[in-house]
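Descriptive structure summary
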Amino acid sequence: MDSDLSPQDKKDLDKFIKFFALKTVQVIVQARLGEKICTRSSSSPTGSDWFNLAIKDIPEVTHEAKKALAGQLPGIGRSMCVEISLKTSEGDSMELETWCLEMNEKCDKDIKVSYTVYNRLSLLLKSLLAITRVTPAYKLSRKQGHDYVILYRIYFGEVQLTGLGEGNHARFQTVRVGVVGTPVGTITLSCAYRTNLAFMSTRAPAEEEGGYTGVEDSQEVCTTSFSTSPPSQMGIPGKEGGVPQQVPVQPCHAAQAEHARASSCLPNDHVPAVPSGSGEDAEASSRSTDGKSVSPRDVMETTFTRKVGAFVNKPGTQVTTASLDLPFAAFAPRAYDIEENDPMVQPPESPATSSPLQGSLHSQGSGESGVPAQDDFVMVDFKPAFSKDDLLPMDLGTFYREFQNPPQLASLTIDVSSQSMAEDLDSLPEKLAVYEKNIDEFDAFVDTLQ
Amino acid sequence: MNCRSEVLEVSVEGRQVDEAMLALVHTILLHRSTGKFHYKKEGTYSIGTVGTQDIDCDFIDFSFVRVSSDELDRVIRKAVGEFKDLCCALQDAMGNGTDGMGQISLEFYQKKKSRWPFSDECIPWEVWSIKVNVVNLANEQERQICREKVGEKLGEKVINIVEVINRHEYLPKMPTQSEVDNVFDTSLKDVQPYLYKITFQITDTLGTSVSTTMRRLIKDTLAL
């Protein structure tokens, strides 16, 4: 095959392919930096603009590309790939797309290298510029910053597309940018991009390196050079305080607790949190204003503090929901210390009012009916206004006095020795059985009322 | 030589017409422009450099790349603006709620010099017809959906354009210095697109072109 090509042509072709590969990488990476690209046209040729296109050369990118190529050229069976992935501030990552520069065996012997191939490669680069703005990753990359950044990885050898989608979901779509026939083979440039943008759960850090079986594994975080987010944020995943990224902040399964990450993962069947061309607000909107790192355990349990009543000395203690399952648990036996601090149980210290409740529910006051407070006072004859001084046994004053402090209801009187609430509940079935037996009596009673 | 003809169709809302047309026309021109030729002695020439620019659309969720040439951009914007005005005028004339249809044609041609007294011939070698269907939307929610949908559609159209261009079918031969104006538009300072012209046609919902409607109106008037 090569014998048909003149040495000069072969040399030119190799040079074209090499620089085409380097420029391809530049275009792809620059399109994912998150900024608008603008280069100037120049009517006078500078001599250094390959393919007559003004494409800037970012040195780090060139360095990475050359490192990946390691002196070789893309050829048949040797593809150059640029993998674009997304990494959140918590350290979760997801592959978005893979651009492949490949060569197949179909040769075009008659084509002129220095002219037609060169111009067609230039056209292919223009097509690449256009297509890089069309795939879903472009919109994502324009919005990168605090929540996530876009990374690239260049590798050489066999194309790996397994990271673009797992399981039964539609894995990826392919768009062909273009082809250029050459005397040694046909160069093809294509992009495989993920269609299912539902965020997958975190990969353990140890797995990340092993997952790539490519020849070169130079995952380069381009954030320090190119991302809009400050470098410090990327260096310490997790320590930043768990600002949630584009996924809605939902408590995920408790199993995540061992990863010690904020509740940031979603099961697979959730609605994709990352837009695929629509609803691009999703990733920005779920940002929590709470800067604290929320551990899964905190989120699952609710805690609250009892409000402190006026004039209470001790601060209210925390009560968990578990302890409040029983109705009227506040009135339950004094196994709980909270009772002492509960303003409902221990009323504010006001001298004048003496709530009957205080007397009966307080441990000291149990068993006594209503008038302990009055023992501290001197009994004064109470002459109610406008009442006649009758000889009737029940005058207004007596009536008033008697009914001012009514005796406590027996059911509210709680004694340690008396039946506990639990025992009461247990005896309910028996009571119900008795009532059922006497159901006819009750029905007759109801009829009399009507 | 046969002229290659490609048709692209999009449905957009009134205020998206400008940007949608710009996006597609500029994408095509990006592929059909080269740097300025500088002819040297012995019939060789060197080519200038073409810069590119990212443009974000305001009314569509879409970004596209165009050639970095303000002159070229001005020319295209003027043409697209006229097209949009015609579309809107027709919609206003036909009343509210009617959808309009228009077509913008981007034609690449070669000039063939003829002897006097015949004028030069323009032979098209590639014609892109972009059919636009202008819809009216009722509320903001529909507009928001339209933004995203049109963005996706334009993305598909860009892929179609790239597909056609990468078939590497006929392109005019690179001309000599004397012939360059027959193949390229050399009027711009920084880039050199192939010779092109933009024409448009507006139709109402019935599919008849405006000129036909006008003709009918005049005939009816004269018949009275």
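These remarks concern the structure in this document. On a predicted model such as this, the values are computed, not experimentally measured, just so you know.

Observations regarding the nonpolar core
By size, the foremost hydrophobic cluster in this structure holds 115 residues, and its most contacted members are Phe20(A), Trp99(A), Met21(B), Phe62(B), Phe108(B), Trp128(B) and Ile130(B). The dominant element in this core, judged by the number of residues it contributes, is helix α3 (residues 113-131) of chain A, at eleven residues. Sequence-distant contacts of Phe62(B), defined by excluding residues within four places in its chain, comprise Val134(A), Ala23(B), Ile55(B), Asp56(B), Cys57(B), Gly151(B), Leu154(B), Gly155(B) and Val158(B).

Describing the pairing of strand β1 (residues 79-88) of chain A
Residues and elements named next belong to chain A. Counting buried positions over the ten residues of β1 gives nine, a clear majority of the element. The sheet contact formed by β1 and strand β3 (residues 148-157) spans ten bridges and is antiparallel. Bridge pairing in β3 links Cys-81 to Tyr-155. In this sheet, strand β2 (residues 93-104) lies alongside β1 in antiparallel orientation, the contact comprising eight bridges. Note on β2: the bridge partner recorded for Ile-84 is Glu-97. Hairpin remark: β1 followed by β2, antiparallel, with four residues in the connecting loop; positive phi at Gly-91, about 105°.

Section: the sheet that holds β3(A)
To summarise the sheet geometry, strands pair through backbone hydrogen bonds and adopt either a parallel or an antiparallel arrangement. Residue and element names in this part refer to chain A. The strand order across the open sheet built from five strands is β3-β1-β2-β5-β4, with neighbouring strands paired in antiparallel fashion. The open sheet is flanked by β3 and β4 (172-182), the only strands paired with a single partner. Each adjacent strand pair in this sheet contributes to an overall mean axis angle of 15°, direction not counted. Inspection of the sheet shows β2 paired to strand β5 (residues 185-194) by eight bridges, in the antiparallel sense.

A few points about the packing of helix α1 (residues 7-31) of chain A against α3(A)
All names here are of chain A. It is the contact of α1 with α3, at a shortest axis distance of 11 Å, that shows an interaxial angle of 10°. With respect to α3, the element α1 is oriented roughly parallel. Contacts between α1 and α3 pair Asp-9, Asp-12, Leu-13, Phe-16, Phe-20, Lys-23, Thr-24, Val-27 and Ile-28 from the former with Val-113, Ser-114, Val-117, Tyr-118, Leu-121, Leu-124, Leu-125, Leu-128 and Leu-129 from the latter. Of the residues belonging to the contact of α1 with α3, the class tally is 13 nonpolar, two polar and three charged.

Observations concerning the interface of chain A and chain B
Put simply, an interface is often sized by how much accessible area is lost when its parts join up. Opposite the 40 residues of chain A that make contact, chain B presents 37 residues. Between chain A and chain B lies a buried interface of about 3,100 Å² when both sides are counted; carbon and sulfur atoms form 54% of it. Applying the counting rule to chain A against chain B returns three salt bridges. Asp56(B) is the salt-bridge partner of Arg142(A), the closest N and O atoms lying 2.7 Å from each other.

Considering the environment of Trp99(A)
All names here are of chain A. Mapped onto the secondary structure, Trp-99 falls in strand β2. Spatially, the C-alpha atom of Trp-99 lies 8.3 Å from that of Met-80, the residues being 19 residues apart in sequence. At 3.0 Å, the side chain of Trp-99 forms a polar contact with the side chain of Glu-97.

Looking at empty space enclosed by the protein
Within this structure, the stated rule accounts for five cavities of 30 Å³ or more. There is about 70 Å³ of room inside the second largest cavity.

Criteria and thresholds
- Residues numbered from 1 in each chain as written.
- Chains lettered and ligands numbered in written order.
- Predicted model: local features only at pLDDT ≥ 70, side-chain atom pairs only at ≥ 80, totals over all residues.
- Heavy atoms only, no water.
- Core = buried A, V, L, I, M, F, W, Y, C linked by side-chain atoms within 4.5 Å.
- Buried < 20%, exposed > 50% of the residue type's maximum accessible area, 1.4 Å probe, protein only.
- Helix = DSSP H or I, 4+ residues; strand = E, 2+ residues; numbered from the N terminus.
- Contact = heavy atoms within 4.5 Å.
- Pairing = 2+ DSSP bridges.
- Axes fitted to C-alpha atoms, helices over the stretch in contact; angles between N-to-C directions.
- Parallel < 35°, antiparallel > 145°, perpendicular 65-115°, else oblique.
- Nonpolar A, V, L, I, M, F, W, Y, C, P; charged D, E, K, R; others polar.
- Buried area = accessible area lost by both parts, 1.4 Å probe.
- Salt bridge = Lys/Arg side-chain N within 4 Å of Asp/Glu carboxyl O.
- Polar contact = N/O pair within 3.5 Å; in protein donor to acceptor, adjacent residues only side chain to side chain.
- 1 Å grid on protein atoms, 1.4 Å probe; cavity = no way out; pocket = protein on both sides within 12 Å on 5 of 7 lines; lining within 4 Å.
- Points joined across faces, edges and corners; volume = space filled by probe spheres on them.

In short, shape yes, function no, at least from these values alone.
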